[in-house]
Amino acid sequence: MDTTIPYPEPPLTGTTFVLRPFREHDFNAAFELGQDPATARWVPALPAADGAGVVEFFEECRRQGGLLHLVIADRSSDAYLGEV
């Protein structure tokens, strides 16, 4: 039985954002968000020490059917804004 959670197709978008998979280049912005005292309380620690590890972790969770983790990105620049 395949337990993989599929990515939304078409991708979920709003006027100014898109929900997409976490990418390696999102790591620094996500890390900084977790270091900000105003947000650190609400943001869980990243599951790995680098972007490749985070991507691998979230993909494994998705393939096992346990979690679909998406980045909220700016629709025009693809810049990381947050996660859901």
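Everything here concerns the structure above.
These figures come from a predicted structure and were not determined experimentally.

Let us look at the sheet that holds strand E3 (residues 80-83). The strand order across the open sheet built from three strands is E1-E2-E3, with neighbouring strands paired in antiparallel fashion. A strand with exactly one partner marks an edge of an open sheet, and here the two such strands are strand E1 (17-20) and E3. Direction aside, the axes of adjacent strands within the sheet are offset by 30° on average. The sheet contact formed by E1 and strand E2 (residues 71-74) spans four bridges and is antiparallel. Within the sheet, the bridge partner assigned to Phe17 lies in E2 and is Asp74.

Quick look at the pattern of salt bridges now. Pairs can form between side chains of opposite charge whenever their charged atoms are close. Applying the stated criterion across every chain yields a total of six salt bridges. Note that Glu59 and Arg63 form a salt bridge whose closest N and O atoms lie 3.6 Å from each other. Of this pair, Glu59 and Arg63 both sit in helix H3 (residues 51-63), four residues apart, which is roughly one turn of that helix. When its relative accessible area of 19% is taken as the criterion, Glu59 is described as buried. Take Arg63: its relative accessible area is 40%, and that puts it in the partly exposed class.

This part is about the packing of aromatic side chains. One pass over the structure, following the stated rule, counts three aromatic pairs. A ring pair is formed by Phe22 and Phe58, whose centres lie 5.8 Å apart and whose planes are at 65°; its orientation type is edge-to-face. With Phe22 in the loop between E1 and helix H1 (27-35) and Phe58 in helix H3, this pair connects stretches of sequence that are 36 residues apart. Taken individually, Phe22 and Phe58 each receive the classification buried, so the pair is uniform in this respect. A ring pair is formed by Phe27 and Phe31, whose centres lie 6.0 Å apart and whose planes are at 20°; its orientation type is stacked. With Phe27 and Phe31 both in helix H1, this residue pair falls four residues apart, about one helical turn. By relative accessible area, which is 13% here, Phe27 ends up buried. Given the relative accessible area of 41%, Phe31 is considered partly exposed. Grouping aromatic residues by their ring pairs yields a cluster made of Phe22, Phe57 and Phe58.

About the criteria used
- Numbers given to residues run from 1 along each chain, matching the order in which its sequence is written.
- Thresholds applied to this predicted model are a pLDDT of at least 70 for local features of residues and 80 or more for the giving and counting of side-chain atom pairs; totals over whole chains, interfaces and linings are not thresholded and use all residues.
- Hydrogens and water molecules were not included; the side-chain quantities draw on all heavy atoms of the structure.
- Strand pairing is assigned whenever DSSP detects at least two bridges linking the two strands.
- Strands are runs of DSSP state E lasting at least 2 residues, helices are runs of H or I lasting at least 4, and numbering of each runs from the N terminus.
- Only the stretch in contact is used when fitting a helix axis, every axis being a line fitted to C-alpha atoms; angles between N-to-C directions are given from 0 to 180 degrees.
- Salt bridges are identified by distance alone: a Lys or Arg side-chain nitrogen within 4 Å of an Asp or Glu carboxyl oxygen.
- Buried, partly exposed and exposed residues are distinguished by accessible area as a fraction of the type maximum, computed with a 1.4 Å probe on protein chains only: under 20%, between the cut-offs, and over 50%, respectively.
- By convention, a stacked pair of Phe, Tyr or Trp rings (six-membered ring in the case of Trp) has centres within 6.5 Å and planes under 30 degrees apart, an edge-to-face pair has planes over 60 apart, and any other such pair is tilted.

Function cannot be read off these values alone, since they describe shape.
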